[in-house]
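# Structural features, examined
So the chains spell out like this:
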Amino acid sequence: MGTFTEHSAEEQPISYRFQREERLRSKKLIDQLFREGSSFNSYPLRFVVLRLPQPSPGSSVQVLVSVSKRHFKKAVDRNRLKRQIREAYRLQKHAITASISPDTTLLIAFLFTGKEKSSFNTICKKLNSGLERLILE
């Protein structure tokens, strides 16, 4: 039989889950993000970012994903793109969460601005370059 060993905080494995606390759902915070946040583009994605000095009750990084109904009339297409963006973020989120101090909250909105569907690899590369830019700021 295997033995149970306790891990200290720095030894715990990286969690790749995208939990409910990591999703930006508060109308008040969403309005504040788009009113006060700064943005940059990494085509086909647009990043809107806001750093808040106080810690949030949930996660230190909260994410919103949006795809325009104007360019993608079918919900199937919008939902697929949102799933791809969330999956790309889920796989790369450990880099951004490690660079954030525990006493701040980072709000991020990923807006898909492209007019045609993109491959998962393209979305992954662009999201990764955008997250690297966030870490450097």
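Conventions adopted
Residues numbered from 1 in each chain as written. Predicted model: local features only at pLDDT ≥ 70, side-chain atom pairs only at ≥ 80, totals over all residues. Heavy atoms only, no water. UniProt positions renumbered as here; feature names shortened; annotations may be inferred. Helix = DSSP H or I, 4+ residues; strand = E, 2+ residues; numbered from the N terminus. Buried < 20%, exposed > 50% of the residue type's maximum accessible area, 1.4 Å probe, protein only. Contact = heavy atoms within 4.5 Å. Areas by Shrake-Rupley, 256 points an atom, 1.4 Å probe, with all protein chains shown as cover. Lys, Arg positive; Asp, Glu negative; His and termini not counted. Charge placed at Lys NZ, Arg CZ, Asp CG, Glu CD. Pairing = 2+ DSSP bridges. Core = buried A, V, L, I, M, F, W, Y, C linked by side-chain atoms within 4.5 Å. Expected span 1.5 Å × (residues − 1). Polar contact = N/O pair within 3.5 Å; in protein donor to acceptor, adjacent residues only side chain to side chain.

Looking at an unreviewed UniProt entry, one finds the chain named Ribonuclease P protein component, with Nibribacter koreensis as its source organism. Per UniProt, the chain has the following entry under Catalytic activity (unreviewed entry): "Endonucleolytic cleavage of RNA, removing 5'-extranucleotides from tRNA precursor."

The next subject is the overall build of the chain. Regarding its fold elements, the chain presents three helices and four strands. Helices (α) and strands (β) of the chain occur, in sequence order from the N terminus, as α-β-β-β-α-β-α. Overall, the C-alpha framework of the chain stretches about 55 × 40 × 25 Å when taken along its three principal axes. A buried classification covers 37% of the 137 residues belonging to the chain. Once local pairs closer than 6 in sequence are excluded, the contacts in the chain between residues at least 24 apart make up 80%. As displayed, the chain offers around 8900 Å² of accessible surface, 51% of which is attributable to carbon and sulfur atoms. Taken as two groups, the 25 positive and 13 negative side-chain charges of the chain have centres that lie 14 Å from each other.

Successive residues of a regular strand alternate their side chains across the two faces of the sheet. Burial analysis of strand β2 (residues 45-52) places six of its eight residues in the buried class, which makes it a mostly covered element. Strand direction decides the pairing type here: strand β1 (residues 38-42) and β2, joined by five bridges, are antiparallel. Following the sheet pairing, Ser39 is matched in β2 by Val48. With antiparallel pairing between neighbouring strands as the criterion, β1 and β2 make up a hairpin whose turn holds two residues.

Grouped together as the largest cluster of nonpolar side chains are 25 residues, with contacts concentrated most on Ile85, Tyr89, Phe110, Phe112 and Leu127. Sorting the residues of this core by element identifies β2, β3 (61-67), α2 (75-99), β4 (105-112) and α3 (120-136) as the ones contributing at least two each. Leu24, Ile30, Leu50 and Leu52 belong to the second-largest nonpolar core, a separate cluster that totals ten residues.

For the rest of this paragraph, the subject is α3. With 17 residues, α3 extends 24 Å from end C-alpha to end C-alpha; this agrees with the ideal 24 Å at 1.5 Å per step. Buried positions along α3 lie against β1, β2, α2 and β4.

Before going further, it helps to examine the side chain of Ser59. Position of Ser59 relative to the elements: it lies in the loop between β2 and β3. Of the polar contacts made by the side chain of Ser59, one reaches the backbone oxygen of Val61; its length is 3.1 Å. Not counting the four nearest positions on each side in its chain, Ser59 is found in contact with Glu21, Glu22 and Thr105.

Okay, the environment of Phe47 next. Summarising the element assignment, Phe47 is placed in strand β2. Looking at Phe47, the relative accessible area reads 0%, which means it is buried. Note: C-alpha distance between Phe47 and Leu134 (87 residues apart in sequence) is 9.3 Å.

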